[in-house]
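Structural description and commentary
For reference, the chains in residue letters:
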Amino acid sequence: MKPAPFDYVAPSTIKEACTLLAESGGGATILAGGQTLMPLLALRMSQPFVLIDINKIAEIKGVKRTSEGFAIGAATRQCEILTDAELARHLPVLVKAVSHVGHHQTRNRGTVGGSVSLGEPAAELPATSVALGASIEAHSVRGARRIPASEFYLGPYMNVLEPDELVTAVHFPSWAAGHTTLFREVAQRPGDFALVGIVGALEVNNGAVSRAGLAWMGMGPTPIKARQAEQKLVGQQIANIDADAIAELAIADTAPFDDAHASAEYRRTVGKRIFARLLREAFNVRQAA
Ligand SMILES: Cc1cc2nc3c(=O)[nH]c(=O)nc-3n(C[C@H](O)[C@H](O)[C@H](O)COP(=O)(O)OP(=O)(O)OC[C@H]3O[C@@H](n4cnc5c(N)ncnc54)[C@H](O)[C@@H]3O)c2cc1C
């Protein structure tokens, strides 16, 4: 199959890209790593009049330390996250999550902004952005805005972006040094999208949870924030935490579905198990120390 005809442009600045988006009147599509878009073009499931290739925009590449944490440029390749020493030290769960995104080859092209914008409900980066409390920076000819990741997704592959908006960065807040990281996913094969997965971080002060960020992959039409479990965890002495009860609460916020790969019931059962086990492992570690 060949893509339907389109005009191709490759701007070199955010300003240029936003002007092109505005001028296209909604008929343009942004090309980042192309790992999802190229097959969609070839299958003619995406037929833009203009393809705006953002791979030449240096402003939206790279990992930067900021006063609030880290700003990751939207066109940063996923593989760059795996080799970033600062991220490995300060946001290890982000690095762990990205190591589960696709394959070596797809991570060499796939971008952070592409995965976050695409909004695949089982994807690691959108869920990690929701769990860690990230915000998404979007630009248009009208200016720039920040959208909390937890408010960014409307449904499968649907986000709140206007047709003329470009994601330029994902901003991750700092988490305390030595915070507890939680990541587990179940997939049929390594590199497949998760059937079910959970990602998160916990801060513990004086033996009690002082901050919790948790989100599910593959457990609903969007990445799902496990709000009830977060609220229940904060303030609890870790020695008194009932992992099964917390896992039950975390599942209560989900809306899993049946598909060719797994039933909703399978996702709920496995989700509860892996989360409870993860909590027990995390706390046992802490108690042992
Ligand atoms: C074999 C295979 C396995 C995969 N497995 C996984 C997996 O396990 N987990 C996972 O999370 N992903 C997986 N992926 C998806 C892939 O890794 C990318 O995350 C995904 O394709 C999006 O990134 P991209 O940069 O390639 O975006 P593209 O394919 O270029 O674009 C995707 C969509 O996002 C839009 N977009 C891109 N950048 C921006 C921006 N800056 N602003 C606004 N809109 C934008 C595009 O217009 C398009 O609609 C897999 C892909 C393949 C081919």
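To start, this report covers the structure provided alongside it. (Residues numbered from 1 in each chain as written. Predicted model: local features only at pLDDT ≥ 70, side-chain atom pairs only at ≥ 80, totals over all residues. Heavy atoms only, no water.)

1. Details of the overall build of the protein chain
Counting its secondary structure elements, the protein chain contains eleven helices and 14 strands. Over its C-alpha atoms the protein chain spans a radius of gyration of 19 Å, differing by no more than 12% from the 19 Å that the globule rule assigns to 289 residues. Along the three orthogonal principal directions, the C-alpha set of the protein chain runs to about 60 × 45 × 30 Å. Counting all 289 residues of the protein chain, 51% fall into the buried class. If you take every contact in the protein chain between residues at least 6 apart in sequence, the share linking residues at least 24 apart comes to 62%. Averaged over its 28 positive side-chain charges, the protein chain has a centre that lies 4 Å from the centre of its 28 negative ones. (Helix = DSSP H or I, 4+ residues; strand = E, 2+ residues; numbered from the N terminus. Rg over C-alpha atoms; globule rule 2.2 N^0.38 Å. Buried < 20%, exposed > 50% of the residue type's maximum accessible area, 1.4 Å probe, protein only. Contact = heavy atoms within 4.5 Å. Lys, Arg positive; Asp, Glu negative; His and termini not counted. Charge placed at Lys NZ, Arg CZ, Asp CG, Glu CD.)

2. Here we look at the sheet that holds strand 2 (residues 28-31)
The pairing of strands in a sheet comes from backbone hydrogen bonds and takes either a parallel or an antiparallel form. Taken in spatial order, the three strands of this open sheet run 1-3-2, and their pairing is parallel. A strand with exactly one partner marks an edge of an open sheet, and here the two such strands are strand 1 (7-9) and strand 2. Taking each pair of neighbouring strands and ignoring which way they run, the sheet shows an average axis angle of 25°. Those strands touched by helix 1 (residues 14-23) are strand 1, strand 2 and strand 3 (50-53), and its axis lies near 165° from that of strand 3. (Pairing = 2+ DSSP bridges. Axes fitted to C-alpha atoms, helices over the stretch in contact; angles between N-to-C directions.)

3. Some points on the nonpolar core
Counting 36 residues, the largest nonpolar core has Ile 81, Leu 87, Leu 91, Leu 94, Phe 152, Phe 172 and Val 199 as its most contacted members. Residue assignment for this core shows that the elements contributing at least two residues are strand 5 (69-73), helix 5 (92-98), helix 7 (112-118), helix 8 (124-132), strand 6 (135-140), strand 10 (166-173), strand 12 (196-205) and strand 13 (208-217). Shared between two domains, this core takes at least three residues from each, and those domains are domain 2 (58-173) and domain 3 (180-283). Excluding residues within four positions of it along the chain, Leu 87 makes contact with Val 63, Phe 70, Ile 72, Ile 81, Pro 92, Leu 94 and Val 95. By size, the runner-up hydrophobic cluster in this structure holds 30 residues, among which are Val 196, Trp 216, Met 219 and Leu 278. (Core = buried A, V, L, I, M, F, W, Y, C linked by side-chain atoms within 4.5 Å. Domains from an automatic or database assignment.)

4. Details of a nonpolar patch on the surface
Together, Met 1, Leu 43 and Met 45 line one region of the surface with nonpolar side chains, adding up to about 400 Å² of accessible area. Position of Leu 43 among the secondary structure elements: in the loop between helix 2 (37-42) and strand 3. (Patch = residues over 30% accessible without salt bridge, like charges linked within 9 Å, V, L, I, M, F, W, Y side chains within 5 Å. Areas by Shrake-Rupley, 256 points an atom, 1.4 Å probe, with all protein chains shown as cover. Salt bridge = Lys/Arg side-chain N within 4 Å of Asp/Glu carboxyl O.)

5. Describing unusual backbone geometry
Despite not being glycine, Arg 44 has its phi angle at roughly 55°, a positive value. The topology assignment puts Arg 44 in the loop between helix 2 and strand 3. For Arg 44, a relative accessible area of 37% puts it in the partly exposed group. The backbone phi angle of Tyr 157 is positive, close to 60°, even though this residue is not glycine. Along the polypeptide, Tyr 157 turns up in the loop between strand 8 (153-155) and strand 9 (158-159).

6. Things to note about the layout of surface pockets
The computed volume of the largest pocket comes to approximately 1,100 Å³. Lining the largest pocket are 44 residues; nearest its centre among them are Thr 36, Leu 37, Gly 114, Ser 117 and Leu 118. Those elements that place two or more of their residues in the lining of the largest pocket are strand 2, helix 2, helix 7, strand 9 and strand 10. Top element by residues in the lining of the largest pocket is helix 7. It accounts for five residues. (1 Å grid on protein atoms, 1.4 Å probe; cavity = no way out; pocket = protein on both sides within 12 Å on 5 of 7 lines; lining within 4 Å. Points joined across faces, edges and corners; volume = space filled by probe spheres on them.)

7. Let's talk about the site of the ligand
Taken together, 31 residues form the shell around the ligand, and within it Ile 30, Gly 34, Thr 36, Leu 37 and Thr 111 come nearest. Burial of the ligand by the surrounding chains reaches 86%, relative to a free accessible area of 960 Å². For the ligand, the cavity whose grid points lie within 2 Å of the majority of its atoms is the largest pocket. Within the residue set of the shell around the ligand, elements represented by two or more residues are strand 2, helix 7 and strand 10. The element contributing the most residues to the shell around the ligand is helix 7, with four residues. For the shell around the ligand, the residue count by class is 13 nonpolar, 16 polar and two charged. (Near = heavy atom within 4 Å. Sits in = over half its atoms within 2 Å of the grid points. Nonpolar A, V, L, I, M, F, W, Y, C, P; charged D, E, K, R; others polar.)

8. Thoughts on the sheet that holds strand 7 (residues 143-148)
If you trace the five strands from one edge of the open sheet to the other, you get 4-5-10-6-7, paired in antiparallel fashion. Of all the strands in the sheet, just strand 4 (63-65) and strand 7 have a single pairing partner and so form its edges. Across the sheet, the mean angle separating the axes of adjacent strands is 25° when strand polarity is ignored. Contacting strand 6 and strand 10, helix 1 runs over the sheet at an angle of about 125° to strand 10.

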